[in-house]
Amino acid sequence: MSNTYKIAVIPGDGTGPEVVAEALKALEAVSRKCTVNLQFKKFGLGGDLYLKEGVLLPDDVLEELRTMDAILLGAIGHPDVKPGILETEILLRLRFKLDLYINLRPVTLFPGVYTPLKDKGPEDIDFVVVRENTEGVYAGGGGFLKKGSPDEVAIQESINTRKGVERCIRYAFEFCRKRDKKRHLTLCAKTNVLIYESDLWNRVFQEVHKDYRDINTNYQHVDALCMWMIKNPEQFDVIVTGNMFGDIITDIGAIIQGGLGIAAGGNINPEGAAMFEPIGGSSPKYSGLNQINPLATISAAQMMLDYLQEEKAASVLQEAIKKVVKNDLKSLGAGNMGHGTREVGDLVVSHIGV
Ligand code: IPM
Ligand code: MN
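Residues numbered from 1 in each chain as written. Chains lettered and ligands numbered in written order. Predicted model: local features only at pLDDT ≥ 70, side-chain atom pairs only at ≥ 80, totals over all residues. Heavy atoms only, no water.

**Student:** Quick question: what am I supposed to make of the pattern of salt bridges here?
**Tutor:** Under the counting rule described, the total for this entry stands at 23 salt bridges. Of the charged contacts, one joins E234 and K120 as a salt bridge, the two residues approaching to 3.2 Å between their closest N and O atoms. Of this pair, E234 sits in the loop between α7 (222-231) and β10 (238-241) while K120 is found in the loop between β4 (102-108) and β5 (126-132), placing the two residues 114 residues apart along the sequence. We classify E234 as partly exposed; its relative accessible area is 25%. Overall, the relative accessible area of 21% leaves K120 in the partly exposed class. Notably, a salt bridge pairs D247 with R131, separated by 3.7 Å at the nearest N-O pair. Of this pair, D247 sits in helix α8 (residues 243-256) while R131 is found in strand β5, placing the two residues 116 residues apart along the sequence. (Salt bridge = Lys/Arg side-chain N within 4 Å of Asp/Glu carboxyl O. Helix = DSSP H or I, 4+ residues; strand = E, 2+ residues; numbered from the N terminus. Buried < 20%, exposed > 50% of the residue type's maximum accessible area, 1.4 Å probe, protein only.)

**Student:** Looking at this model, I keep getting lost on the site of ligand 1. Mind explaining?
**Tutor:** Every residue lining ligand 1 is accounted for by E87, L91, R95, R105, R131, Y138 and D247. Between an oxygen atom of ligand 1 and a side-chain N or O atom of R95, the distance comes to 2.7 Å. Between ligand 1 and R105, the relevant distance is 2.8 Å, taken from an oxygen atom to a side-chain nitrogen or oxygen of the residue. When the free accessible area of ligand 1 is taken as 320 Å², the share hidden by the protein chains comes to 75%. (Near = heavy atom within 4 Å. Polar contact = N/O pair within 3.5 Å; in protein donor to acceptor, adjacent residues only side chain to side chain. Areas by Shrake-Rupley, 256 points an atom, 1.4 Å probe, with all protein chains shown as cover.)

**Student:** Just checking my understanding: could you explain the side chain of N293 for this structure?
**Tutor:** Of note, N293 is situated in the loop between β12 (274-278) and α9 (295-307). From its side chain, N293 meets the backbone nitrogen of L295 in a polar contact 2.8 Å long. In terms of polar contacts, N293 uses its side chain to reach the backbone carbonyl oxygen of L332, at 2.9 Å. Ignoring anything within four residues of it in the chain, the contact list for N293 reads V19, G261, L329, L332, M337 and V344. (Contact = heavy atoms within 4.5 Å.)

Structure below.
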């Protein structure tokens, strides 16, 4: 008996539809091979729908998405829509309303992939960032005073709840134990300046650690951690951090693992919904050119299979991705792969070997 899953697909903007098409191709191949039954339903959310009909993320769509087993997202961001509207009303609203409180971002350098870090290889770059995904400055607290005047005040609040911090840290400890590599968890914060929020994070981290004595821990200020990610990435196993720092450090993570062409992430509520996406944006300048790298989205699909506990299918797909980057691609960068977007999808399918 094969398991059946309802998968919502949001191709989104720019190159989103192109990379999602390749991810669906790969998912269809791997689900045939491993007898997993995936039922896809497409949702046309994004900049085009907003420009045409003024629609962002209607409540009934949100409710339908809640009933799906997982969501696969291409990209959100349109050159004709002012920055902030689509991101806040679609991407962040999905994260908040579905309470996808974990943003899981693996940083893995596959063999054969170029990293800008000199003398570092796949054995050095293999860690996972657990980013809190619903709080901090992203919660949108704040406001203007005397806007537009010389006396203007802009306040951006960082909201950190005990519950939000604890569930994120607990997830990170659990994840680190399950991953079972170095059994080492690093807390990334800024206790020397953010004397309220980082203090909360640090206290909760120490407390929760009491339940996970098999895990070693350390603490790094975010600025120092940025440096160490470049200098000695091999020290990391799992890093847990707040929303904003997590956003920033995972762009460093993406570039050292080969760039936005390969970096994927999962927005997860361990008790509920989950949405998987490539970390790179909609790259409008590559849109429609068959030049963008679909592997990040295919990796997001692989994370989705893992989340659905279809480990066999996930590992078959990951092996196929590894073969493509090792044997077939000149570079992971858009326009420099030596193949088009669709051909890279075909290569993944051929390595799945149906
Ligand atoms: C990311 C992106 C988003 C974020 C933007 C598009 C709102 O940068 O997923 O990392 O800041 O979380
Ligand atoms: Mn980001």
